[in-house]
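Reading the structure
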Amino acid sequence: MKRKIFIAYGIATVLMCLLGLYIAVCFRLDTDGARADAGYRTVEQYEIQWVEDTTLPCGGMDVIWFPCDEDAVRGGSLCFHAVHQSVEVYVGDELVYRIRPSENNRFGMTPGNNWVSVPLYERDKDKMIRISLIPAYGSSVHAVSEIYLGNKWNIFVHVLKNNAVICALSVVAVFVGICFVAWTWYNRKNVKVDKSLFALGIFSIWIGIWKFTDSEAVGLFVHNSVFLSYFTLIALLMVYVPFIMFLRVLFTKNHERLWNVLMGANLVLIAATVFMQLAGIRDFRQNLVFNHLLMACLILAVFICIAKELRQNGWNKKTKLAVIGISSCLVGLVGDMLMFYLFKGLAVSGIGMICFLGYVIVLGIINVQESKQLMAAGVQAERYQNIAYHDQLTGLYSRAAYTEYINSEKFRKEDCTVVMCDLNNLKTCNDVYGHEAGDRYINRSTEIICNTFGKLGRCFRMGGDEFCVLMNNASLEECERAMGDLREQENEHNAGCPDEFPIHIACGYAGYDISCDYDISDTFRRADKQMYKNKVQSKIESKSSEGVR
C-alpha cells in the first residue's frame, strides 16, 4: 500500500510541475502603464586616460569622464563594478562618492570588489561625470567594467541574470560536496565505503565557495567587500590538498611521492601567503600568480600520471573515466585562468565549474553504487561467517569458532579454565520421544549452561551433546559454585516440567597447568576426562534412584 501511495504521489508531483510550467509559458497579462520604466543602458561613449601619480599603489589611476545627459538623470543612478580599485566619482566639481581601504586596517591595501551605485539628480543634467579608478594591484590597471545608467534595481536584476548560472552551479557544487562528506562520515566505520569521496566532497565545497564569492552578483548583497575578496582567495588556496588526496586514491601507489610533494608545496604556499599578508610584504592577490603556478604543476603531474597509468594498465574503464573526467576539469580550469588574465578579473567563467560538476556527479554516483555493492557483499559475507561460526540450533559458537578463538592473538591459555559439559541420555530422548523432544532438551540445556557460565566465559557447542566453556581468570572456587548453580537450575527444570524428558548435564573442568599441559588441548582433554567420570557417576545415581525413562 505504501509503495502505491508513493508512486501516486510521485506522479502527482510531476503533473503539478508540468502544470506550473504550462502556466508560466502560456498565460499572459495585458498591462498598460501611463509611465514607462526608465530602464537602463550602458555608457558606450566615454573618454579614458591614465593619470600618473607616484603616491598611488600602481603609480597612477584610470580617469573616465562622460556627460550626464537627460536620459541619465531620468534613469536615476550610475552603477558599475570596481575590481580591487579605490573609487572617486565626481559630478561636475562635486565629489559625490568615494570608497577606499580604511586607514585602520591592520593589513591589506585592497578595497575588494565593489558595486558602486550613485544617485543622479535633475540638477546634475549637462554636468560632466568623472570616475577615478585607483588600482591596488597591477592586474587591476585599465580594468574597466560595464558602466550603467538607469534604474538601479533593473541594473541589479540584469547582473543577477548574468550571474545566475555560475551562482547556481556553485550552490550545486557545495551541496554535492556536503552530501559526499555526510555520506562518508555516516559510513566512516564501514571499510567497504570509498573514503576518497570525503576528500572530493571537501574539494567540491571549496571550489563552490570560490566561484560563488567571486561572482559579481554576490557583491550586491555583501556589504564587507574586503572580506568577500579575501575569502575568495582563501577558498582558492584551500582547494588543492583535498583534490590531491582524492587523486592519490584514484591512481596507483607508484605516485605517492609526487602527490606528497604537491601537497607540501600547497601547505608551504598557504603559510607563506598568510605570513607575507600579515607582515605587509605582499597581499593575497599579489601571490595569486604562485597559486596559478601550483595549478599548472598539478595539471602537468596529472597528465604524467595518466600517461603512466595507460602504459601500465591499458585503456580500462577506470582509466577512461579518470582521463575524460580529470582532463575536462583541468581544461576547464585552464579556460578559467585564461579568462581571468584576459579580462583582468572582470569576467567569471563557468566552464571549469560545468566540467567539474559533471565529472564529480558521475564519479560520485559510481562510487556510491560500488560502495553499496561492496556493503551488500559484506553483509552477505558476514551472514555466511555467522553461519560458519555459530550453531544453528542453539545460537552458541561452533567448533569452528572454538578453533578460531584458541588460535587468535587475544586468547591467553595461561589464564584459561576449560569446562566440558555433556547431555546425558540425549540419544535415548531422540529414540523414545523423537527429535523435536531432543531439540527441546538441547535448547533448555543450552539455556542452563549459558545462565551458569555465560558471564564467566565463552560457550561453544562442540557437537551433538557436547559443550565447552572457556573461562578467563576463573578460580576453582568459582567453578565449584557454578557447578552448584547448574545443578539447582537443572533440578528446578525437572521439578517444574515433569512431563518433559529429565535433564542431566555432566560437567568437568580443568585450569591450564604449565607443568602438565603443552597447550590448551591438553587442558581440554583433562576437563573432558573429569566430565566423563561425572557422566558415569550421574548415570549410576540416576538408575539407582528412578531408572531411565
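Because the structure is predicted, anything quoted here is derived from the model rather than measured. (Residues numbered from 1 in each chain as written. Predicted model: local features only at pLDDT ≥ 70, side-chain atom pairs only at ≥ 80, totals over all residues. Heavy atoms only, no water.)

1. Considerations on the overall build of the protein
- When you go through the protein residue by residue, the secondary structure sums to 15 helices and 13 strands.
- In the protein, buried positions account for 43% of the 549 residues.
- In the protein, once contacts between residues fewer than 6 apart in sequence are set aside, the share between residues at least 24 apart is 73%.
- Element-wise, carbon and sulfur atoms account for 59% of the exposed surface of the protein, whose accessible area totals about 30800 Å². (Helix = DSSP H or I, 4+ residues; strand = E, 2+ residues; numbered from the N terminus. Buried < 20%, exposed > 50% of the residue type's maximum accessible area, 1.4 Å probe, protein only. Contact = heavy atoms within 4.5 Å. Areas by Shrake-Rupley, 256 points an atom, 1.4 Å probe, with all protein chains shown as cover.)

2. Here's the deal with unusual backbone geometry
- Backbone geometry places D126, a non-glycine residue, at a positive phi of 70°.
- Following the sequence through the fold, D126 ends up in the loop between β7 (113-119) and β8 (128-135).
- On the basis of relative accessible area, D126 is assigned to the exposed category, the value being 64%.
- Residue N425 is not a glycine yet carries a positive backbone phi of 65°.
- Its location among the elements puts N425 in the loop between β10 (416-423) and α12 (426-433).

3. Digging into the nonpolar core
- Counting 46 residues, the largest nonpolar core has F246, L247, W259 and L298 as its most contacted members.
- If you list the elements that add at least two residues to this core, you get α3 (152-186), α4 (196-214), α5 (225-238), α6 (240-250), α7 (256-279), α8 (288-313) and α10 (351-389).
- In this view, L247 contacts W259, L298, V302 and I326; residues no more than four positions away in its chain are not counted. (Core = buried A, V, L, I, M, F, W, Y, C linked by side-chain atoms within 4.5 Å.)

4. Here's the deal with the pattern of salt bridges
- By the definition in use, this model includes 11 salt bridges.
- A salt bridge links D391 to R461, with the shortest nitrogen-to-oxygen separation between them at 3.1 Å. Residue D391 is located in the loop between α10 and α11 (399-406), and its partner R461 is located in strand β11 (residues 457-461); the two are separated by 70 residues in the primary sequence.
- For R461, a relative accessible area of 12% translates into the label buried. (Salt bridge = Lys/Arg side-chain N within 4 Å of Asp/Glu carboxyl O.)

5. Thoughts on the sheet that holds strand β5 (residues 85-91)
- Reading across the sheet, the 5 strands line up as β2-β3-β8-β5-β6 and stay open at both edges, with antiparallel pairing between neighbours. Strands at the two margins of the open sheet, each flanked by one partner only, are β2 (47-52) and β6 (94-99). Adjacent strand axes in the sheet meet at a mean angle of 20° when their direction is disregarded.
- Examined bridge by bridge, strand β3 (residues 60-67) and β8 share 6 bridges and lie antiparallel to one another. Bridge pairing in β8 links I64 to I131. (Pairing = 2+ DSSP bridges. Axes fitted to C-alpha atoms, helices over the stretch in contact; angles between N-to-C directions.)

6. Here we look at the sheet that holds strand β1 (residues 40-42)
- Taken together, the 4 strands give an open sheet; going across it, the order is β1-β9-β4-β7, and neighbouring strands pair in antiparallel fashion. A strand with exactly one partner marks an edge of an open sheet, and here the two such strands are β1 and β7. Across this sheet, the average inter-strand angle for adjacent strands is 20°, counted without regard to direction.
- Two strands pair when backbone bridges link them, and strand β4 (residues 77-83) and strand β9 (residues 147-150) are joined in this way by 4 bridges, in the antiparallel orientation. Bridging across to β9, S77 finds its partner in G150.
- Of the strands in this sheet, β1, β4, β7 and β9 are in contact with α3, which crosses β9 at around 140°.

7. A look at the side chain of N287
- Examined against the element boundaries, N287 turns out to sit in the loop between α7 and α8.
- Once you skip the residues sitting within four places of it in the chain, N287 turns out to touch T273, M276 and R282.

8. Quick word on the environment of S117
- Mapping S117 onto the fold places it in strand β7.
- Note: C-alpha distance between S117 and H81 (36 residues apart in sequence) is 9.0 Å.
- Once residues lying within four places of it in the same chain are set aside, the contact partners of S117 are L78, C79, Y97 and K152.

9. Looking at the pairing of β3
- Across the 8 residues that make up β3, a large majority, 6, are buried.
- Examined bridge by bridge, β2 and β3 share 6 bridges and lie antiparallel to one another. Counted as the bridge partner of I48 is I64 from β3.

10. A word on the side chain of K535
- The topology assignment puts K535 in helix α15 (residues 520-545).
- Discounting residues that sit within four places of it in the chain, K535 has contacts with D422, L423, N424 and A506.

11. Regarding the state of the cysteines
- Throughout the structure, instances matching the rule amount to 0 disulfides.
- Between C507, a free cysteine, and C421, which holds the nearest cysteine sulfur, the sulfur-to-sulfur gap is 3.5 Å. (Disulfide = S-S within 2.5 Å.)

12. Comments concerning the packing of aromatic side chains
- What the rule picks out here adds up to 13 aromatic pairs.
- Taken together, a centroid distance of 5.7 Å and an interplanar angle of 70° make the contact between Y433 and F501 edge-to-face. Note that Y433 is positioned in helix α12 and F501 in the loop between α14 (476-496) and β13 (505-511), a separation of 68 residues in sequence.
- When its relative accessible area of 42% is taken as the criterion, Y433 is described as partly exposed.
- Members of the aromatic cluster, each reached through a chain of ring pairs, are Y397, Y402, Y405, F411, F460 and F524.
- Sitting over the ring of W153, K152 keeps its end group 4.8 Å from the ring centre.
- Above the face of the W210 ring, K211 is positioned so that its terminal group lies 4.7 Å from the ring centre. (Phe/Tyr/Trp six-rings, centres within 6.5 Å; stacked < 30°, edge-to-face > 60°. Lys NZ or Arg CZ within 6 Å of the ring centre and 35° of its normal.)

13. Things to note about a nonpolar patch on the surface
- A grouping of I7, I11, V14, L15, L18 and L21 is seen on the molecular surface, where their side chains present a nonpolar patch of about 570 Å² in accessible area.
- Relative to the elements of secondary structure, L15 occurs in helix α1 (residues 2-26). (Patch = residues over 30% accessible without salt bridge, like charges linked within 9 Å, V, L, I, M, F, W, Y side chains within 5 Å.)

14. A short note on the pairing of β4
- Extensive coverage of β4 is indicated by the burial of 7 of its 7 residues.
- Of the two faces of β4, both are covered, the one formed by S77, C79, H81 and V83 as well as the one formed by L78, F80 and A82.
- Pairing analysis gives 7 bridges linking β4 to β7, with the strands arranged antiparallel. Residue L78 lies in a different strand from β7, and its bridge partner there is V118.

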